[in-house]
Amino acid sequence: MTAPSHDATTDQVTHWSDIPGWFHWREGQQDAVATFPEGSTFVEVGCYLGRSLCSLADVVAGSGRDYTVIGIDTCQGSGAEGRANEDAHGAAVDEGGGTFAGLLHRNLIACGVADDVHLLVSSSPRAADLFADGSLTWVHLDARHDYDSVVTDIEAWAPKVRPGGWLSGDDYDDLCWPGVVRAVTDRLPDAHGWLTAQWRWLKPA
Ligand SMILES: C[S@@+](CC[C@H](N)C(=O)[O-])C[C@H]1O[C@@H](n2cnc3c(N)ncnc32)[C@H](O)[C@@H]1O
């Protein structure tokens, strides 16, 4: 996977598709809005500069219904990872003096969704502690992709999803991200591939 350029300034961003990132599965977000009723809460863990999060906010706004959208990120990047041992977020972290929180927030503002999204600067498992079990409709995991991190994320967030809700994640790709596939297979044997290189677990009702 080639890292996208991180250097889109706020001036250049007016739409989620202007934001650097890897997100390409908007139909999954549309599926969530079509499936779940108004009042549901959607959480994205791992937002980077907000490409997928701003798309989700846009899909929600287009539905004309009220959902709660929460994005969670340390804003300190994932560090070096993957087959190329690449630090894909490092330049954005450096640009912000150790955090890209400002860039992320500015992109939400530039896309006109800052009032519709709750941004939580936090590590994934610590953030999960803030939510009651069974309180979230859909949690999408796209934070660090090594085996242990994905296991930690699954263990932290699976209890938070309500019966009938979804826990899903990015980079379900055995070649590029074998740790993701192994962690999902070990911890959620009922999960399955979803869309392009995503996985999804439907919590039993
Ligand atoms: C692959 S990027 C997310 C891309 C984004 N979903 C998109 O498609 O535009 C992964 C993000 O996870 C964040 N991250 C890594 N480990 C984390 C953790 N333990 N808790 C919260 N965020 C984390 C990084 O800071 C980075 O922004």
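As a starting point, this report considers the structure included with it. Bear in mind that the values here come from a model prediction, so they are computed numbers and not experimental data.

1. Thoughts on the overall build of the chain
When its secondary structure is counted, the chain shows 7 helices and 7 strands. Mapped in sequence order, the helices and strands of the chain form the string α-β-α-β-α-α-β-α-β-α-β-α-β-β. Taken against the 2.2 N^0.38 rule, which gives 17 Å for 205 residues, the C-alpha radius of gyration of the chain at 16 Å falls within 12% of a compact globule. The C-alpha extent of the chain, read off along each of the three principal axes, is 45 × 40 × 30 Å. The buried share of the chain, reckoned over its 205 residues, is 49%. Long-range pairs, those at least 24 residues apart, make up 75% of the contacts in the chain with a sequence separation of at least 6. A total of about 9,200 Å² of accessible surface is found on the chain, and carbon and sulfur atoms cover 49% of it. Computing the positive centroid from 13 side-chain charges and the negative centroid from 30, the chain places the two 5 Å apart.

2. Considerations on helix H6 (residues 147-157)
Think of an α-helix as 3.6 residues a turn; residues three or four steps apart then line up on the same face. Taken across its 11 residues, H6 has 8 buried, putting it largely inside the fold. When we look at burial in H6, the residues that qualify are Tyr147, Ser149, Val150, Val151, Asp153, Ile154, Ala156 and Trp157.

3. Thoughts on the site of the ligand
For the ligand, the set of nearby residues contains 20 residues, the closest of which are Gly46, Ser52, Asp73, Ser124 and Asp142. At a separation of 2.8 Å, a nitrogen atom of the ligand approaches a polar backbone atom of Ser124. Contact between the ligand and Asp142: a nitrogen atom at 2.8 Å from a side-chain N or O atom of the residue. Its atoms largely coinciding with the cavity grid, the ligand occupies the largest pocket. Taken together, the residues of the shell around the ligand sort by class into 6 nonpolar, 9 polar and 5 charged.

4. What about the packing of H6 against helix H7 (residues 178-187)?
Relative orientation of the contacting elements H6 and H7 amounts to 40°, with a least axis distance of 8 Å. In terms of their interaxial angle, H6 and H7 are classed as oblique. Considering the relative orientation of H6 and H7, their crossing is right-handed. Taken together, the residues of H7 that come into contact with H6 (itself represented by Tyr147, Val150, Val151, Ile154 and Glu155) are Gly179, Val180, Arg182, Ala183, Val184, Asp186 and Arg187. Across the contact of H6 with H7, the residue classes break down as 7 nonpolar, 1 polar and 4 charged.

5. Notes on the nonpolar core
Counting 33 residues, the largest nonpolar core has Phe42, Phe100 and Trp138 as the members making the most contacts within it. Taken together, the elements giving at least two residues each to this core come down to helix H1 (26-35), helix H2 (51-63), helix H3 (90-95) and helix H4 (101-110). Among the elements that make up this core, the one with the highest residue count is H2 (6 residues). With residues near it in sequence (within four places) discarded, Phe100 still touches Tyr48, Leu49, Asp73, Cys75, Gln76, Gly77, His89, Ala92 and Val93.

6. Details of the sheet that holds strand S1 (residues 41-45)
Read across the sheet, 7 strands follow the order S3-S2-S1-S4-S5-S7-S6 without closing on themselves; strand pairing throughout is mixed. Unpaired on one side and paired on the other, strand S3 (117-121) and strand S6 (192-194) mark the two borders of the sheet. Adjacent strand axes in the sheet meet at a mean angle of 25°, parallel and antiparallel pairs treated alike. Packing against the sheet, H6 makes contact with S1, strand S2 (68-73), strand S4 (136-141), strand S5 (161-170) and strand S7 (198-202), and its axis sits at approximately 175° to S4.

7. Details of the pairing of S4
S4 sits mainly inside the fold: 6 of its 6 residues count as buried. As judged from the 4 bridges shared by S1 and S4, these two strands associate in the parallel manner. Paired with Phe42 across the strands is Trp138, a residue of S4. Here S4 pairs with S5 via 5 bridges, running parallel. Bridged to Leu141 within S5 is Gly169.

Parameters and conventions
- Residues numbered from 1 in each chain as written.
- Predicted model: local features only at pLDDT ≥ 70, side-chain atom pairs only at ≥ 80, totals over all residues.
- Heavy atoms only, no water.
- Helix = DSSP H or I, 4+ residues; strand = E, 2+ residues; numbered from the N terminus.
- Rg over C-alpha atoms; globule rule 2.2 N^0.38 Å.
- Buried < 20%, exposed > 50% of the residue type's maximum accessible area, 1.4 Å probe, protein only.
- Contact = heavy atoms within 4.5 Å.
- Areas by Shrake-Rupley, 256 points an atom, 1.4 Å probe, with all protein chains shown as cover.
- Lys, Arg positive; Asp, Glu negative; His and termini not counted.
- Charge placed at Lys NZ, Arg CZ, Asp CG, Glu CD.
- Near = heavy atom within 4 Å.
- Polar contact = N/O pair within 3.5 Å; in protein donor to acceptor, adjacent residues only side chain to side chain.
- 1 Å grid on protein atoms, 1.4 Å probe; cavity = no way out; pocket = protein on both sides within 12 Å on 5 of 7 lines; lining within 4 Å.
- Sits in = over half its atoms within 2 Å of the grid points.
- Nonpolar A, V, L, I, M, F, W, Y, C, P; charged D, E, K, R; others polar.
- Axes fitted to C-alpha atoms, helices over the stretch in contact; angles between N-to-C directions.
- Parallel < 35°, antiparallel > 145°, perpendicular 65-115°, else oblique.
- Left-handed = near helix turned anticlockwise from the far one by under 90°.
- Core = buried A, V, L, I, M, F, W, Y, C linked by side-chain atoms within 4.5 Å.
- Pairing = 2+ DSSP bridges.

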